[in-house]
Amino acid sequence: MQNLGILISGRGSNMESILKAIKKQKIPIKPSIVISNKANAKGLKIADRLGVKISVIDSKDYKNKRTEYDKKVIHELEKNGVTVKNGLVCLAGFMRIISPYFIKKYKNRILNIHPALLPAYPGLNAQKQAIQNGAKFSGCTVHFVDEGVDSGPIIVQSVVKVTNNDTEKTLSEKILAKEHKIYPEAVNLFARKKIRLSGRRVKILD
Ligand code: GAR
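In this convention, every chain numbers its residues from 1, walking through the sequence in written order. Totals for whole chains, interfaces and linings use every residue, but because this is a predicted model, local features are given only for residues with pLDDT of at least 70 and side-chain atom pairs only at 80 or more, for both listing and counting. Side-chain measures here rest on the full set of heavy atoms in the structure, leaving out hydrogens and waters.

1. Considering the packing of aromatic side chains
When the centres of two rings from Phe, Tyr and Trp lie within 6.5 Å, Trp using its six-membered ring, the rings pair. Their planes under 30 degrees apart give stacked, over 60 give edge-to-face, and anything left gives tilted. Within this structure, the stated rule accounts for two aromatic pairs. Lying across the ring of Tyr101, Lys71 places its NZ or CZ 4.8 Å from the centre. Against the face of Tyr69 rests Arg96, its NZ or CZ located 4.3 Å from the ring centre. Remark: a charge is flagged as sitting over a ring if the NZ atom of Lys or the CZ atom of Arg is within 6 Å of the ring centre and within 35 degrees of the ring normal.

2. Considerations on the sheet that holds strand β1 (residues 2–8)
Pairing is mixed in the open sheet, where seven strands are placed in the order β3-β2-β1-β4-β5-β6-β7. The open sheet has two edge strands with one neighbour each: β3 (54–56) and β7 (154–161). On average, each strand axis in the sheet is tilted by 20° relative to the strand beside it, whichever way the strands run. Here four bridges tie strand β5 (residues 110–114) to strand β6 (residues 137–144), and the two strands are oriented antiparallel to one another. Directly across from His114, in β6, lies its bridge partner Thr141. Note on contacts: a residue pair qualifies if any of its non-hydrogen atoms lie within 4.5 Å across the two residues. For helices, the fitted line uses only the C-alpha atoms of the stretch in contact; every axis is such a line through C-alpha atoms, and the angle between N-to-C directions lies from 0 to 180 degrees. Secondary structure elements are defined from DSSP: runs of H or I of at least 4 residues count as helices, runs of E of at least 2 residues count as strands, and each element is numbered from the N terminus. Its contacts with the sheet put helix α1 (residues 13–24) on β1, β2 (29–36), β4 (87–91) and β5, and the angle it makes with β1 is roughly 160°. A pair of strands is labelled paired if DSSP reports no fewer than 2 bridges between them.

3. Some details on the side chain of Arg96
Along the polypeptide, Arg96 turns up in the loop between β4 and α4 (100–105). The classification of residues rests on relative accessible area computed with a 1.4 Å probe and restricted to protein chains. Under 20% of the type maximum is buried, over 50% is exposed, and intermediate values are partly exposed. Think of it this way: Lys and Arg go in the positive column, Asp and Glu in the negative one, and His and the chain ends go nowhere. Only one rule defines a salt bridge in this text: a Lys or Arg side-chain nitrogen within 4 Å of an Asp or Glu carboxyl oxygen. Buried charge without a salt bridge: Arg96, with Asp70 as the nearest opposite-charge side chain at an N-O distance of 4.9 Å. N or O atoms within 3.5 Å of each other form a polar contact, as long as, within protein, one can give a hydrogen and the other can take it, and as long as residues adjacent in sequence are counted only when both atoms are side-chain atoms. Looking at Arg96, its side chain comes within polar contact range of the main-chain oxygen of Tyr62, at 3.1 Å.

4. Digging into the nonpolar core
Put simply, buried Ala, Val, Leu, Ile, Met, Phe, Trp, Tyr and Cys residues joined by side-chain atoms within 4.5 Å make one nonpolar core. Membership of the largest hydrophobic core comes to 44 residues, with the highest contact counts inside it found for Ile6, Met15, Cys90, Leu111 and Tyr183. Residues contacting Tyr183, with those up to four places away along its chain left out, are Asn14, Ile18, Cys90, Leu91, Ala92, Leu111, Asn112, Ile113 and Val142. Core analysis: the next-biggest nonpolar cluster, separate from the first, contains 19 residues, Ile35, Tyr62, Val73 and Leu91 among them.

Structure follows, in structure tokens:
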């Protein structure tokens, strides 16, 4: 079985949805470690309660030392079996840009979730961007992480309607509910080896 490492910085609701789905939906992957770059991340308590090993690698002294920081994270991942041969790394509200070193080393083994229908509205405040641009639909995307910002191959997306009365807050809530469905779905596809990459296109096997 492959080993899963999840990187968080805060609330950890996507992490929670993945961990719960692994148990409930019998996703064949072992949740091996949850790593936070912030000691006070709420998600740490949730992971601990769900019986998953947690680790804090504080990033406050590593502002412009991305590779140096990532090497510490990689060391922790490897120690827990999340290797380049047998690991999956999920970024779940991990508020750091990861280094090209990390991305190359775990090529096509790092996933992220974004609260918009990429390639629309990458970067920060995606839900606000959708509202401000008058989008009629938005949603969320699980994608492989490449060296750009939210630019890697798309694995799963889910759509929500933007209504006249939606605010950034209500749209974020609607999108988050969909995030909690599609992130576990993408982990399941990866764990069952149903994802094929062909250039920038992801094909899902039956
Ligand atoms: C989620 O909405 C996720 O899509 C977003 O941060 C939130 C984390 O919430 N990520 C990004 O915007 C990445 N570009 P969580 O900690 O409750 O999972």
